[in-house]
Each structure stands twice: as structure tokens, then as C-alpha cells.
Amino acid sequence: MFVLRVHSVDDNHPITIEEAGFSTVSSTATRSSANPNPKFSERRGLVHLFRGTSQSYQQNPNSRSTCIFVVAVPNYLSSDEFVRFCGSHIDRVEELIFIRNDAMEDRYSVLIKLVDQLTADEFYSNLNGKRFSPAEAEVCHMLFMLSVEYTEFAEIASTPPAGFTELPTCPICLERLDPDTSGILSTICDHSFQCSCTAKWTVLSCQVCRFCHQQDERPTCSVCGTVENLWVCLICGFVGCGRYKEGHAVRHWKDTQHWYSLDLRTQQIWDYVGDNYVHRLNQSKADGKLVEMNSPCMSHEAHCGTCECSEDSGISGALFNSKVEAIVDEYNRLLATQLETQRQYYESLLAEAKSKRESLIPETVEKAVASKMQDIQNELEICEEAKKAVADVNSKLIKNQEIMRKKFKEIEEREITSLRLRDATILDLEEQIRDLTVYIEAQKTLTNMTDSDGIKGGTVLPVSYQQSSPTNTRRHKKSSRRKN
């Protein structure tokens, strides 16, 4: 069964379809031809196709549904022409969505919802494998869809659901796969290097088909650049070298879970999970042309020259065939035994390495934690020592501050005492100067007096003294000088 996921940020847009010639016109005759039909719509998006891994593709009731997906429609076929291609079955269509991808100019996909399972089966049986145009090589490939999901996130759209694997959406790449893998039961073209339909159909949009068609260009490994033993991913077109080189193709599968890879030399397709080839066609050793696998010789001549057949028949042919079959059988058993032995050996190595790694993980973690704790403890001790040193310096500074404060107070007290002594000295000196001044003035007065008898028997009375400011004292001195 198949699942479809569409990475799209668009919505369904109804489109106008000319349905002339079909019975649906009678039911819509009253409508204007320019009005879009609601059951026909179009949207832009990138399609991702997934197939269930638990079962091969079989046409049974469990693998069918009323939803049919047309993998690819050539772009020269318009929407109206595709509706006409569906014929009278279009009357039983419940919904039809054209899904277009701007990166693919040569094709688009169609999702069709029919009214019931019987109609869907009839639609599938009549149109699947039919050419879109008698003059062209493109064939209509249809798949029944279990579910269809739309998402705006590319990572969700490209992630396979549980139990599913992604398939290519290129019709040529799908036809290269065997029917059990791709769901395409038959194909009419071998898609060789010189095939015209390959060049016309998907060479513009499919990188795998472009590699197969353009043989003049030598591709290289996307990682190491080698040109030998190259494989290309059928899903995304990644080119990587095989496991006998650097194994970049295998690494790509492990990283992306893209199962299918095409050998560019032999055109064979390898399934990494199934560990076998899943291609529909094989390459002939005689002329290099792709032919059906295990196909019997169809030549009526004695020697066809291409399949190494011969005229031998009867007992000799039977003996020869039995010997070949015995040798092949013995070789296959030997190879299987050796591969199984190698698998067991490498699995034991892996198990041993895994157990050793698991046993080393706790010890390594414990050592790392212990080392980290020791480093943190050392840093903590260094910080404690630094803190202690800072505390000591701070204590010394506080003590020095107290000492300096006391010294400053003593100096201030001494300065105040000195100022007081100076003021007292100045006051004493001023009194002495006053007394001297009075004495000198008295002497001068006595000297200038002619009548000495006038003061005889006089009495000296005390005079109250008022301390004058330094300014008044200076003025008094200046006035005394002027008088003198």
C-alpha cells in the first residue's frame, strides 16, 4: 500500500475545466463556462511517495482504495486534455487535484478521489498503463493511496511513516524497479541510454535519468570525487562511491534512509535494506542493452549470438545444465556460508566493542567527574586563600585608619592649643604696647609742660581700657603719627 505526503504552503484552487462531450455537462449546463468547477482544483507542492515495507504490491482488497494517484502526466497535456483522457469515468470522480511542482517543468501529478471502490477499480483497470497520446511514449501509471497528507514542513514531508520507505516520483525511475517494489506491473520501454522517451520525459527534472542519458559527461562521487564504482540515489540523485571504494553511497543510505541506489555502470538497482537487487531490467553482456531478467532465448536460429545459447539438446544439454546448476548451487552455498561466517565474526566484534564501550563509559564518566571536582576544589581553595589575604589587608587598613584618625585628632588639638597660646601672646603684647604708648605720651606731655608746679599735688586716676580691634589700633597709630 502507498502513502502520499505533499510539502505545500498552498491551498486548493478551483479551476475551470471544459467538459464538453461528457455527461457532466448536462448537470452543469446552467452554469457559466467561466465559473470554476469545485471538484477540479490545483495546488503547488512537492510530492513524496512512500510504500509499505511489510508486503509486496498486490492487487487485493487490502491494497486498494478509492483514492488513485497518477504519478506523472506530461506537461504538454493540459488539464482539459487530461479530463478528456479520463473519458466517461470523470462522471464518477468526487475530487480531482492537479499537483504541480515549479522545479519540474516537464510533468505534474494528479490525485483522484472516486465515489466508491468499484468505480475506482474500473478507473484503474481501464486507464493504468495506457498511453496519454498514441503518438507519444508516455504511459499513465496509477497507484492506490492509503492516505494523503499535506504539510508545510519539508522535514515532516520527507520523513517516511513507520513501516514505509520512500520511492522516486520519476516515472522512468519507478519503471526501473521491479513490480513488487514500485507497484508498476508492466512497462513497454527498456529505457536504454539512447532511449528517446528518457530524454524527452524526465531529463530536465530527474537527475538520475540525466546521469543515465548524458554518457559523455563523467559523474564523480559527491564526497571524494572518484569516478569508479559510482551509485546514484533514486530518491534525491546523490552520487556516491560503492562500498569497495570509500562507501559514501552506503553512508548516504544510513544518513537519509533512502533505500534504493542505481549502479551507473550496469543500470542495476540495489535495495540496501533488503540486501538484494530490485531492478526490473538487466544489462546484456553481449551488446550492453537492457533486457528482461531471466528471459529465455527467443531466437529461432541455431545461434542467436547474444544469449550464448547453443544447438546442444537432449542428454548433453541436460548434463551440461545440471553441472552448471550444481556449480552455481555449490557456489551460492559456499558464498552464503562465508558471508554468514563473516557476518557472525563482525557481529561478535561489534558486540565486543559495544560491551567494552558500555563498560568504559561509567569509568570514563567517573574519572571525568572526579577530575572536574578536583579542579573545582583547587579553584575553591585558591579563592579561599585570596579571600583570607584580602581580609587581612582589610583588617590592616582598618587599624591604620584608626591610628591615622587618632593622630589627626591629636594634631588638631595641638593646633587649637597653639592658636589659643598665640592669641593670648598677641593680647599680652597689645597690652604692653598700650602701656608703653601711654607711658611715652605721658613723658612727652610732661616734657612739654612749662609750669611744673601745676601738676604738683595732683592725683593719678585709673582709666578704663577698651580693647580695640587690630584695625582701630592701626588707625590710632596712624593718627598718632600724623600728630607727631
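See above for the structure.
Fair warning: this is a prediction, and the values are worked out from it, not measured in the lab.

1. Brief notes about empty space enclosed by the protein
By the definition in use, this model includes 4 cavities of 30 Å³ or more. For the largest cavity, the calculated volume is near 130 Å³. Around the largest cavity sit Gly45, Leu46, Val47, Val71, Ile99, Arg100, Asn101, Met104, Arg107, Tyr108, Ser109 and Thr169, which together line it. With 3 residues, the top contributor of residues to the lining of the largest cavity is strand 7 (residues 107–114). Here the residues of the lining of the largest cavity sort into 6 nonpolar, 4 polar and 2 charged.

2. Topic: helix 9 (residues 248–256)
Buried residues of helix 9: His248, Ala249, Val250, His252 and Trp253, and no others. Next to the buried residues of helix 9 lie strand 10 (230–233) and strand 11 (239–241). Among the residues trailing helix 9, Gln257 stands out with phi positive, at a value near 60°.

3. Focus on the packing of aromatic side chains
Per the stated rule, a full pass over the model turns up 8 aromatic pairs. One cation-aromatic arrangement involves Arg43 over Tyr150; the distance from NZ or CZ to the ring centre is 4.1 Å. Lying across the ring of Tyr108, Arg100 places its NZ or CZ 4.2 Å from the centre.

4. Some thoughts on the sheet that holds strand 13 (residues 269–271)
As summarised here, the arrangement of the 5 strands in space is 11-10-12-13-14, forming an open sheet in which the pairing is antiparallel. Each of the sheet's edge strands pairs with one partner strand only, and the pair in question is strand 11 and strand 14 (276–277). Two strands pair when backbone bridges link them, and strand 13 and strand 14 are joined in this way by 2 bridges, in the antiparallel orientation. Of the residues in strand 14, the one forming a bridge with Asp271 is Asn276. In the packing of helix 9 onto the sheet, the strands contacted are strand 10 and strand 11, and the crossing angle to strand 11 comes to about 125°.

5. Observations regarding helix 3 (residues 117–127)
Count 3.6 residues to each turn of an α-helix, and residues three or four apart come out pointing the same way. When helix 3 is considered as a whole, its buried residues turn out to be Thr119, Ala120, Asp121, Phe123, Tyr124 and Leu127. Its buried side turned inward, helix 3 meets strand 5 (67–74), helix 2 (79–86), strand 7 and strand 8 (142–151). With a side-chain oxygen lying 3.4 Å from the backbone nitrogen of Leu118, the N-terminal cap of helix 3 falls on Asp116. Positioned one or two residues after helix 3, Gly129 has a phi angle of 80°, which is positive.

6. Details of the nonpolar core
With 42 residues, the main nonpolar core has Leu4, Leu49, Leu111, Met145, Leu177, Leu234 and Tyr260 as its most contacted residues. For this core, the element with the most residues is strand 5, which contributes 4 residues. Filtering out sequence-adjacent residues up to four positions away, Leu49 remains in contact with Phe2, Val3, Leu4, Leu143, Met145, Thr165, Glu166, Leu167, Pro168, Thr169 and Leu174. In this structure, Ile15, Phe40, Val110 and Phe144 belong to the second largest nonpolar core, which totals 27 residues.

Calculation notes
Position labels on residues start from 1 in each chain and follow its written sequence. Only residues with pLDDT of 70 or above have their local features reported here, since the model is predicted, and side-chain atom pairs are shown and tallied only from 80 upward, although totals for entire chains, interfaces and linings are computed over all residues. Water and hydrogen atoms play no part in the side-chain values, which are based on all heavy atoms of the structure. Here a cavity denotes a set of grid points, spaced 1 Å apart and computed over the protein atoms alone, in which a 1.4 Å probe fits but from which it cannot get out, and a pocket denotes an open set meeting protein on both sides within 12 Å along at least five of seven lines; residues with an atom within 4 Å of a point are reported as lining. Grid points are joined across faces, edges and corners, and a volume is the space filled by probe spheres set on the points. Numbering goes from the N terminus for both helices and strands, where a helix is a DSSP run of H or I of at least four residues and a strand is a run of E of at least two. Each residue receives one of three labels: charged for Asp, Glu, Lys and Arg, nonpolar for Ala, Val, Leu, Ile, Met, Phe, Trp, Tyr, Cys and Pro, and polar for the others, Gly being one of them. In this scheme, a residue with accessible area under 20% of its type's maximum is buried, one over 50% is exposed, and one in between is partly exposed, where area comes from a 1.4 Å probe on protein chains only. Whether two residues are in contact is decided by their heavy atoms: any pair within 4.5 Å suffices. Note on aromatic pairs: the rings of Phe, Tyr and Trp (six-membered ring only in Trp) are paired at centre separations within 6.5 Å, and the planes decide the class, stacked below 30 degrees, edge-to-face beyond 60, tilted for the rest. Put simply, a charge is over a ring when the Lys NZ or the Arg CZ is close to the ring centre, within 6 Å, and near the line of the ring normal, within 35 degrees. In this scheme, strands are said to pair when DSSP sees at least two bridges between them. Helix axes are fitted only over the stretch in contact, all axes being lines through C-alpha atoms; the angle between N-to-C directions runs from 0 to 180 degrees. Definition of a polar contact: a pair of N or O atoms within 3.5 Å, with one able to donate and the other able to accept a hydrogen when the atoms are protein atoms, and with sequence-neighbouring residues admitted only if both atoms are side-chain atoms. Nine residue types can take part in a nonpolar core, namely buried Ala, Val, Leu, Ile, Met, Phe, Trp, Tyr and Cys, and a core is a set of them joined through side-chain atoms within 4.5 Å.

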